[in-house]
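Below are the chains, spelled out letter by letter.
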Amino acid sequence: MQKSNSNSQQNASADKTREQVMAEREAKKQAKQAKKQKPITPATTIITQVEQTTITKKLTTTTTTTTKEQNQLQLAAAASAPSYDATVTNNAVQVSAQNTTDSLTNATGASEKTREQIKAEREAKKAAKHAAKSNKANSVDAVAQQLNNVQLTPKAAANETAATGAADQDKKKPALSKAERRAIQEAQRAAKAQGQNKNVTPTSGVAKAATSSVKATPVVSATPVKEPKRESESPAKSPSKPTTHKAEREWNVKLFNHLVSADKDASLFINDASVHPSIARLGVQYAQRTIVGSNARCIAFLHALRQVVQDFETPAKKEFGRSLDAAVKHHVEHLHKCRPLAVSVSNAYKQFKNQLMQLPDKPETELKELLGHFIDTYIENQIGKAAQAISSSMQEKITDGDVLLTFACSSLIQFICEEAKRRQVSFRVIVVDSLPFCEGQEMLRRLHACGIPCTYVLINAISYVMPEATKVMLGAHALLANGYVMARTGTAQVALVANSHNVPVLVCCETHKFSERFQTDAIVYNELCDPNQLVKDGKCCLHNWQTKSRLTPLNLSYDITPPELVSAVVTEVAILPCTSVPVILRIKPDIGY
């Protein structure tokens, strides 16, 4: 019995010695870790940073609790970690466990730990491992409930509320498409432009209004946002100028929306101080169709250009040629806004630019005299002498008893008929006219003043008078490089009827009207006229056409005649087929101006 008692006492003493040894080992390990780490003040400690997958900001809270209360909070957070481990990342839980062990180490220091503390450490490590393995999803409300269980300071609670609101906003904000982002940018630009004009409202309010109107779902935020006013939203969406432009374009045929028309806005002619008075006057005459016809428009342009050259003053430290070129370019752009330039005017401007680039090094007065002489020579050779050469070629074709049929009004055809009358050739002229301009009436008046017998019909009666005609003489606005003739609307119809009656069609055109453009229809390039010109009076069926939703009048200036309907083209060079236009364009620089 004594031996058994002594053995039991030795075993008990051995067990106590084993526990003491383990406690001493743990105390030594923690003492070494405490020496390696820096001391942390127990007054302020940092609660674990919880990083959520749906929350972009980190919740950082600071407490002013005692070391004992902090340890209890750390242990509670570590113990409750498995319940909401779906929204807390593995790294965050590991950091919480590490912070728990560090706080326990700092609290005990090098002193011996009790059995309960060691068990608590083991439980914390097990909970951390279990939380690291599990990745199940959990709602944000569960995280918020767990965080509410932890006693936080008022400042930390405010930060938590703001971060939760931001997370909800990021979660509910829909992804904007490219069109929506572009709409927001346009709204911001329009608001910025309006803010510069009025200097009342900033751009941010309008941008927020446009953003809220584009998004499909409302944005939930923690802080209340005032709803923007409707008044600030309307200027960004519908500025005044684009609305007016859209209303004007509604009455145009969609197929011809790419074409331009004459602008009759008075501010375009008056309010531009950089435009010479002669050019401004010419622009008004172009827009109001006071000056019509390719030759007349070209001559008026060259006369106005001569006045610009005479009144031009070279700026200080500038070259005469380049400064004048920039000024003339601005004036030509102004004329193009008033009415699209004729081919004859464009060719004259090109030749003037070539002459301007080849000016010698002379005083400014002599250079202006050279340019004035070039303009006079161009008018004389390309228009005056060219008309005489074409007339002399046509006099051989006009004989006694001929009946000449012409369309609309052409100064060149008028000159040919007057020259034949001087030669005392017995002939008569049939003038075919069409709406809306009725230019044939002016042709009829001029020929009648010269004593030439004339007959006036509209284009709808051309089939009745065509059998009487022996020759058809037509003017042209331009002759294209592919042989097509661009002339007043209705010319192609006259040529078609003449071809069906086997009547020769002669097109009289100077070479300065030849164009390098290729065109086979009247849709690619043309000039739109005012559709109201088609309305004659109140009894016309087109009266108040704006009120009729499905009616859109189309008033084109020119049409295209194919070369198959043209017998020959009479130029100052020779009588040529339409297919010889590229040859004339190639040798034209050698002809001289």
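Quantities reported herein were computed from a predicted structural model and do not represent experimental measurements. (Residues numbered from 1 in each chain as written. Predicted model: local features only at pLDDT ≥ 70, side-chain atom pairs only at ≥ 80, totals over all residues. Heavy atoms only, no water.)

K.L.:
Is there a simple way to think about the overall build of the protein chain in this case?
P.N.:
When its secondary structure is counted, the protein chain shows 21 helices and 14 strands. Across the 593 residues in the protein chain, those meeting the buried criterion constitute 40%. By element, 53% of the accessible surface of the protein chain is carried by carbon and sulfur atoms, the whole surface being about 34,400 Å². (Helix = DSSP H or I, 4+ residues; strand = E, 2+ residues; numbered from the N terminus. Buried < 20%, exposed > 50% of the residue type's maximum accessible area, 1.4 Å probe, protein only. Areas by Shrake-Rupley, 256 points an atom, 1.4 Å probe, with all protein chains shown as cover.)

K.L.:
I keep staring at the pattern of salt bridges and nothing clicks. Help me out?
P.N.:
Side chains bearing opposite charge may pair, as long as their charged atoms lie close to each other. Counting across every chain of the model gives 14 salt bridges. Glutamate 527 is paired through a salt bridge with arginine 339; the nearest N and O atoms lie 2.7 Å apart. Here arginine 339 lies in the loop between helix H14 (320-338) and helix H15 (343-357) and glutamate 527 lies in strand E11 (residues 527-528), a separation of 188 residues in the sequence. Classification of glutamate 527 by relative accessible area gives buried; the value is 3%. For arginine 422, the salt bridge identified is with glutamate 419, shortest N-O distance 2.6 Å. Of the two residues, arginine 422 and glutamate 419 are both situated in helix H17 (residues 411-422); the distance of 3 residues between them amounts to about one turn of the helix. The class for arginine 422 is exposed, based on a relative accessible area of 52%. Three or more residues joined by partner-sharing salt bridges are found here, namely Arg289, Glu439 and Arg488. (Salt bridge = Lys/Arg side-chain N within 4 Å of Asp/Glu carboxyl O.)

K.L.:
Is there a simple way to think about the side chain of serine 434 in this case?
P.N.:
Mapped onto the elements, serine 434 comes out in the loop between strand E5 (427-433) and helix H18 (440-449). The exposure class assigned to serine 434 is buried, which follows from its relative accessible area of 14%.

K.L.:
Before we go on, may I ask you to explain the sheet that holds strand E8 (residues 478-479) in this structure?
P.N.:
Through backbone hydrogen bonds, the strands of a sheet pair up, either in parallel or in antiparallel fashion. Strand order in this open sheet of 3 strands is E8-E9-E12, and the pairing throughout is antiparallel. If you trace the sheet from one side to the other, it starts and ends with E8 and strand E12 (558-561), each paired once. Across 2 bridges, E8 lies against strand E9 (residues 485-488) in antiparallel orientation. Bridge pairing links alanine 478 to methionine 486 in E9. The sheet contacts of helix H20 (residues 491-500) involve E9 and E12, and relative to E12 the element is tilted by about 30 degrees. (Pairing = 2+ DSSP bridges. Contact = heavy atoms within 4.5 Å. Axes fitted to C-alpha atoms, helices over the stretch in contact; angles between N-to-C directions.)

K.L.:
In this structure, what is going on with H18? I would like to understand it.
P.N.:
The α-helix winds at 3.6 residues per turn, so residues separated by three or four positions along the chain end up facing the same way. For H18, every residue scored as buried is listed here: Gly440, Met443 and Leu447. For H18, the angular spread of the buried residues around the axis is 55 degrees, confining them to a single face. Away from the buried face of H18 by more than 90 degrees, exposed residues His448 and Ala449 are located. The elements touched by buried residues of H18 are strand E4 (402-407), H17, E5 and strand E6 (454-458). Immediately downstream of H18, the backbone of glycine 451 shows phi near 85 degrees, a positive value. (Arc of directions from axis to C-beta.)

K.L.:
When you look at the environment of threonine 489 in this model, what are you seeing that I'm missing?
P.N.:
Examined against the element boundaries, threonine 489 turns out to sit in the loop between E9 and H20. Each C-alpha atom of the pair threonine 489 and serine 557 lies 5.8 Å from the other, and the pair is 68 residues apart in sequence. Excluding residues that lie within four positions of it along the chain, threonine 489 makes contacts with Phe407, Ser434, Leu556, Ser557, Tyr558 and Asp559. Engagement of the side chain of threonine 489 in a polar contact is seen with the backbone oxygen of serine 557, the distance being 3.0 Å. Separated by 3.2 Å, the side chain of threonine 489 and the backbone nitrogen of tyrosine 558 make a polar contact. (Polar contact = N/O pair within 3.5 Å; in protein donor to acceptor, adjacent residues only side chain to side chain.)

K.L.:
For this particular structure, what's the right way to read the nonpolar core?
P.N.:
Nonpolar side chains tend toward joint burial in soluble globular proteins. Counting residues in hydrophobic clusters, the biggest one holds 36 residues, and the most contacted among them are Leu282, Phe301, Leu302, Leu324, Phe352 and Leu371. Among the secondary structure elements, those contributing two or more residues to this core are helix H12 (277-287), helix H13 (294-311), H14, H15 and helix H16 (364-395). Per element, the largest residue contribution to this core is 8 residues, and it comes from H13. Every residue in contact with leucine 371, bar those within four places of it in the chain, is listed here: Val309, Phe320, Leu324, Phe352, Gln355, Leu356 and Leu359. (Core = buried A, V, L, I, M, F, W, Y, C linked by side-chain atoms within 4.5 Å.)

K.L.:
What is the right way to look at the packing of aromatic side chains in this model?
P.N.:
Between two aromatic rings, the relevant description is the distance of the centres plus the angle of the planes. Here the structure, examined in full by the defined rule, presents 2 aromatic pairs. Residues phenylalanine 312 and phenylalanine 320 carry aromatic rings whose centres are separated by 5.9 Å and whose planes lie at 65 degrees to one another, so their mutual orientation is edge-to-face. Looking at phenylalanine 320, the relative accessible area reads 7%, which means it is buried. Positioned over the ring face of phenylalanine 437 is arginine 289, at 4.0 Å from the centre of the ring. Across the ring face of tyrosine 286, the terminal group of arginine 297 is positioned such that the distance to the ring centre comes to 5.3 Å. (Phe/Tyr/Trp six-rings, centres within 6.5 Å; stacked < 30°, edge-to-face > 60°. Lys NZ or Arg CZ within 6 Å of the ring centre and 35° of its normal.)

K.L.:
How should I be thinking about the pairing of E6 in this particular structure?
P.N.:
The two faces of a sheet get side chains in turn, since along a regular strand they alternate between them. Summarising the sheet, E5 and E6 pair through 5 bridges and their orientation is parallel. Across the sheet, the residue bridging to isoleucine 430 is threonine 455, located in E6. For the crossover from E5 across H18 to E6, the handedness is right-handed. (Right-handed = clockwise from strand over helix to strand, strands pointing away.)

K.L.:
Mind showing me how you'd approach the sheet that holds strand E10 (residues 505-508) here?
P.N.:
Taken in spatial order, the 7 strands of this open sheet run E6-E5-E4-E7-E10-E13-E14, and their pairing is mixed. With partners counted over all chains shown, the strands left at the sheet margins are E6 and strand E14 (575-576), one partner each. With 3 bridges joining them, E10 and strand E13 (residues 568-570) adopt parallel strand pairing. Paired with cysteine 508 across the two strands is valine 570, which belongs to E13. Strands in contact with H20 are E4, strand E7 (471-474) and E10; relative to E7, the strand with the most contacts, it is inclined by about 165 degrees.

K.L.:
Hey, could you run me through H20 in this one?
P.N.:
Listed as buried for H20 are Thr491, Ala492, Val494, Ala495, Val497 and Ala498. Those residues of H20 that are buried lie in contact with E4, helix H19 (462-465), E7, E9, E10 and E12. Residue asparagine 502 follows H20 closely and has a positive phi angle near 60 degrees.

K.L.:
Before we go on, may I ask you to explain the packing of H15 against H16 in this structure?
P.N.:
In a packed pair of helices, the relevant descriptors are the angle between the two axes and the axis-to-axis distance. Put simply, H15 and H16 touch, their axes get as near as 11 Å, and they point 145 degrees apart. The interaxial crossing formed by H15 with H16 has right-handed handedness. Taken together, the residues of H16 that come into contact with H15 (itself represented by Asn347, Ala348, Gln351, Phe352, Gln355 and Leu356) are Leu371, Phe374, Ile375 and Tyr378. Grouping the amino acids of the contact of H15 with H16 by side-chain chemistry returns 7 nonpolar, 3 polar and no charged. (Left-handed = near helix turned anticlockwise from the far one by under 90°. Nonpolar A, V, L, I, M, F, W, Y, C, P; charged D, E, K, R; others polar.)

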